[in-house]
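Remarks on the overall topology
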Amino acid sequence: MADLPDKRAALIDWYLAVVEAADLSDKRYGIKGMNVWTRYGFRARRNLDEVLIREIEATASEAVEFPALIPATEFAKEKEHIKGFDAQVYWVTKGGLADLDVPLVLRPTSETAMYPIFALWVRSHKDLPLNVYQIVNTFRYETKTTRPFLRVREIHFFEEHTCQLDEERASDRVRSNLAAFRRMAEAFCLPYVPVRRPEWDKFAGAYFSIALDIPIGQARTLQIGSVHHYRDNFSIPYGIRYEAADGSRSHAHQTTFGLSERLLGAIVAVHGDERGAIFPSQIAPYQVVIVPIPKPADRAALDAATDELAARLSRAGVRVFLDRGEERPGAKYYRWELKGVPLRLEVGPREVEARRATAVDRLGTKTSVGFEHLETEVSDRLAAFDHELLRRAEERFRASFLVATELGQLKDSAQVRILGWCGSEECGHAIEAAIDGALLGVPEERPPSVEGTPERCLVCGKTEGIRWALAAQPI
Ligand SMILES: [Zn+2]
């Protein structure tokens, strides 16, 4: 068994140990919160990005890439935005030995880099909608404890920015983004809940923000992304205006959709177990590992058979690793389980003889696959594995929520709390104090395990206009 901390009792310690033992990230770089993507971690990241690219491009969005540096003059144009990011930005103030005339911000997010250019691109209603995204590194000076993938200072960031004709079409884009994320989450086998953040916790400069939250044990949640409606809050200061068919001029309404490497952290945190990481097959750096079990007499036949299996799977588009290292097979099983590979094929002389490999998936299901129909049988095993991984995650997801009927029940919560809320900021803050965390906001869909509508606000007792809300301890 892996020598890992207990996941239930010490989630964060367990998480950090898995990230390190599975060699997903190297935190020994000389700047806190700026970690090195290892070869194995980079493979996972690339697979994750492929899912994001596939799903966002299916909704008519195109890739662009803007510079990392933003002039201070542009950064300062939207007041709420700068207030929200002021304490978190890195500044570039020198070029060589000379002080710069206009200091530069290292992008914490790219609104203020993109929107002056959007103002040049958008002239007519024919230029709309403008849907573009980029996957780049962004930088935030985190003062809290940094953790690989979950809280870092150099963030691997996916950000879509759009300009729409009007508020209603921008709302349509928000819905389209939420639907795209639903398809992304299927590839990650991750259940989540979209939650409309309260006014005091929305994105700096947004009209409203919908966050994507994942419960990760006890009352803790992880925000893995967000979709924002900006109305014309940015298009007015940045001058993003278009001429309508009738010659009138209007400001575009804008949206953004942001995701980050936190997704990878969520995959590790949600799926992993006492033996290490568990990757869904679409994200797994290697989907299949082949472990030969050599007996001295038949080495040549075994080498030929395992070469053939690896080559065929690779040709079929399966990410496969043939582990011919010197270690004993047991040590290899242990290591690849720690690294979260979905499917292991064990091949010894007996398997070569029978032309069937023993197949063990990362959840412990043991079967065999015939050499003859290797490609389809491996594909079936991976699909069954993903199915079971999602089923287990959904079971835990449903058990992560509990309705609270008294404010006193929020203290020392062992679950994310579902409660009635009147919508007032005062009651919201009372809820946050009681749970020692945050009022996540109002879920976009009815939360798991509740029926009907709530009767009263948990704090003030009001009975009108009460909605279900979620309270938790975000990490
Ligand atoms: Zn209230």
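In short, a report on the structure. (Residues numbered from 1 in each chain as written. Predicted model: local features only at pLDDT ≥ 70, side-chain atom pairs only at ≥ 80, totals over all residues. Heavy atoms only, no water.)

Remarks on the packing of helix α9 (residues 299-315) against helix α12 (residues 374-398)
To keep it simple, the criterion reads: Here the axes come from fitting lines to C-alpha atoms, over the contacting stretch only for helices, and the angles between their N-to-C directions go from 0 to 180 degrees. Numbered from the N terminus, helices here are DSSP runs of H or I no shorter than four residues, and strands are runs of E no shorter than two. Angles below 35 degrees are treated as roughly parallel, those above 145 as roughly antiparallel, those between 65 and 115 as roughly perpendicular, and all remaining angles as oblique. In this scheme the crossing of two helices becomes right-handed for a clockwise turn of the near helix relative to the far one and left-handed for an anticlockwise turn of less than a right angle. Contacts are assigned to residue pairs with any non-hydrogen atoms lying within 4.5 Å of each other. The classification used treats Ala, Val, Leu, Ile, Met, Phe, Trp, Tyr, Cys and Pro as nonpolar, Asp, Glu, Lys and Arg as charged, and all other residues, Gly among them, as polar.
Packing of α9 against α12 leaves a shortest axis separation of 10 Å and a crossing angle of 70 degrees. Classified by the angle their axes make, α9 and α12 are roughly perpendicular. The handedness of the crossing between α9 and α12 comes out as right-handed. Counted together, L309, R312 and L313 of α9 and L374, E375 and V378 of α12 form the full contact between these two elements. Per-class residue counts for the contact of α9 with α12 are four nonpolar, no polar and two charged.

Points about the pattern of salt bridges
How we decide: Counted as salt bridges are all cases of a side-chain nitrogen of Lys or Arg within 4 Å of a carboxyl oxygen of Asp or Glu. Exposure classes here rest on a 1.4 Å probe applied to the protein chains alone. A residue is buried below 20% of its type maximum, exposed above 50%, and partly exposed in between.
Taken as a whole and judged by the stated rule, the model has 34 salt bridges. When the shortest N-O distance is used, the salt bridge between E74 and K77 registers 3.0 Å. We classify K77 as partly exposed; its relative accessible area is 36%. Here E168 and R175 are joined by a salt bridge, their closest N and O atoms 3.2 Å apart. By sharing partners, the salt bridges in this structure join R275, E337, R344 and E346 into a single network.

Points about the packing of aromatic side chains
Our working definition: For Phe, Tyr and Trp, rings pair up if their centres lie within 6.5 Å, where Trp contributes its six-membered ring, and each pair is then called stacked (planes under 30 degrees apart), edge-to-face (over 60) or tilted (otherwise). A ring is scored as having a charge over it whenever the NZ atom of a lysine or the CZ atom of an arginine sits within 6 Å of its centre and within 35 degrees of its normal.
Taken as a whole, this structure holds 23 aromatic pairs when the rule is applied. Taking 6.0 Å as the distance between ring centres and 85 degrees as the angle between the ring planes, the aromatic pair formed by Y286 and W336 counts as edge-to-face. Linking Y286 in the loop between α8 (262-271) and β15 (288-292) with W336 in helix α10 (residues 329-338), this pair joins segments that are 50 residues apart in sequence. When sorted by exposure, Y286 lands in the same class as W336, which is buried. Their ring planes at 75 degrees and their centres at 5.1 Å tell us that F397 and F401 sit as a pair that is edge-to-face. In this structure an aromatic cluster arises from ring pairing among F66, F85, Y115, F118, W121, F203, Y230, F234 and Y238. Cation over ring: K339 sits above Y40, and NZ or CZ is 4.1 Å from the ring centre. The ring of Y333 has R344 sitting right over it, with the charged end atom 3.8 Å from the ring centre.

Describing the nonpolar core
Short version of the rule: Throughout this description, the term nonpolar core refers to a set of buried Ala, Val, Leu, Ile, Met, Phe, Trp, Tyr and Cys residues connected via side-chain atoms within 4.5 Å.
Core analysis: the biggest nonpolar cluster contains 56 residues, and F181, F188, F257, L259, F279 and I283 have the highest contact counts within it. Counting 27 residues, the second-largest nonpolar core is a separate cluster that includes F66, F75, F118 and C163.

Some points on the sheet that holds strand β4 (residues 69-71)
Quick note on the threshold: Here the rule is simple: two strands pair whenever DSSP picks up at least two bridges between them.
On the basis of which strands lie adjacent, the open sheet formed by three strands has the order β4-β6-β5 and antiparallel pairing. Single-partner strands in this sheet number two, and they are β4 and β5 (90-95). Each strand axis lies, on average, 45 degrees off the axis of its neighbour in the sheet, ignoring direction. Here β5 pairs with strand β6 (residues 98-106) via five bridges, running antiparallel. Directly across from Y90, in β6, lies its bridge partner L106.

Observations concerning the environment of F385
Note that F385 resides in helix α12. On the basis of relative accessible area, F385 is assigned to the buried category, the value being 1%. Separated by 20 residues in the primary sequence, F385 and T365 place their C-alpha atoms 8.4 Å from one another.

Let's talk about the coordination of the zinc ion
Defined as follows: For Na, K and Ca the donor cut-off is 3.2 Å, and for all other metals it is 2.8 Å, counting N, O and S atoms only; because water is absent from this set, sites may look incomplete. By the criteria applied here, four donors are tetrahedral when all angles lie between 85 and 135 degrees, four are square planar and six octahedral when opposite donors are over 155 degrees apart and every other angle lies between 65 and 115, and any other arrangement is irregular.
At this site the zinc ion is bound by C422 (SG), C427 (SG), C457 (SG) and C460 (SG), with donor distances of 2.3 to 2.4 Å. Bound by four donor atoms, the zinc ion shows angles of 104 to 114 degrees at the metal and therefore tetrahedral coordination geometry. Written as a sequence motif, the donor residues of the zinc ion are C-x4-C-x29-C-x2-C. For C457, a relative accessible area of 0% translates into the label buried.

Quick notes on unusual backbone geometry
Here the residue pair L128 and P129 is connected by a cis peptide bond, since its omega of -5 degrees sits within 30 degrees of zero. One non-glycine residue, Q218, lies in positive phi territory at about 50 degrees. Residue placement: Q218 occurs in the loop between β10 (208-215) and β11 (220-231).

Quick look at the layout of surface pockets
Empty space among the atoms can be located by rolling a probe the size of a water molecule over them. Operational definition: Note on definitions: the grid is 1 Å and covers protein atoms alone; a cavity is a set of points where a 1.4 Å probe fits but cannot get out; a pocket is an open set with protein on both sides within 12 Å along at least five of seven lines; lining residues have an atom within 4 Å of a point. Grid points are joined across faces, edges and corners, and a volume is the space filled by probe spheres set on the points.
By volume, the largest pocket is sized at about 1,300 Å³. Together, 46 residues line the largest pocket, and Q88, R140, E142, Q223 and R262 are the ones closest to its centre. By residue number, the principal contributor to the lining of the largest pocket is β11, which donates eight residues. Considering only residue class, the lining of the largest pocket consists of 21 nonpolar, 14 polar and 11 charged. A volume near 680 Å³ is recorded for the second largest pocket. Every residue lining the second largest pocket is counted, 25 residues in all, and those nearest its centre are K7, R8, I216, G217 and R396. For the lining of the second largest pocket, the secondary-structure elements that each account for two or more residues are β10, α8 and α12. Among the elements that make up the lining of the second largest pocket, the one with the highest residue count is α12 (four residues).

A few points about the packing of helix α1 (residues 11-21) against α8
Contact pair α1 / α8: the axes reach a minimum separation of 10 Å and the direction vectors enclose 110 degrees. As judged from the angle between their axes, α1 and α8 are roughly perpendicular. Considering only the axes of α1 and α8, their crossing is right-handed. Facing α1, whose interface residues are W14, Y15, V18 and V19, α8 presents G265, V268 and A269. Residue classes in the contact of α1 with α8 are distributed as six nonpolar, one polar and no charged.

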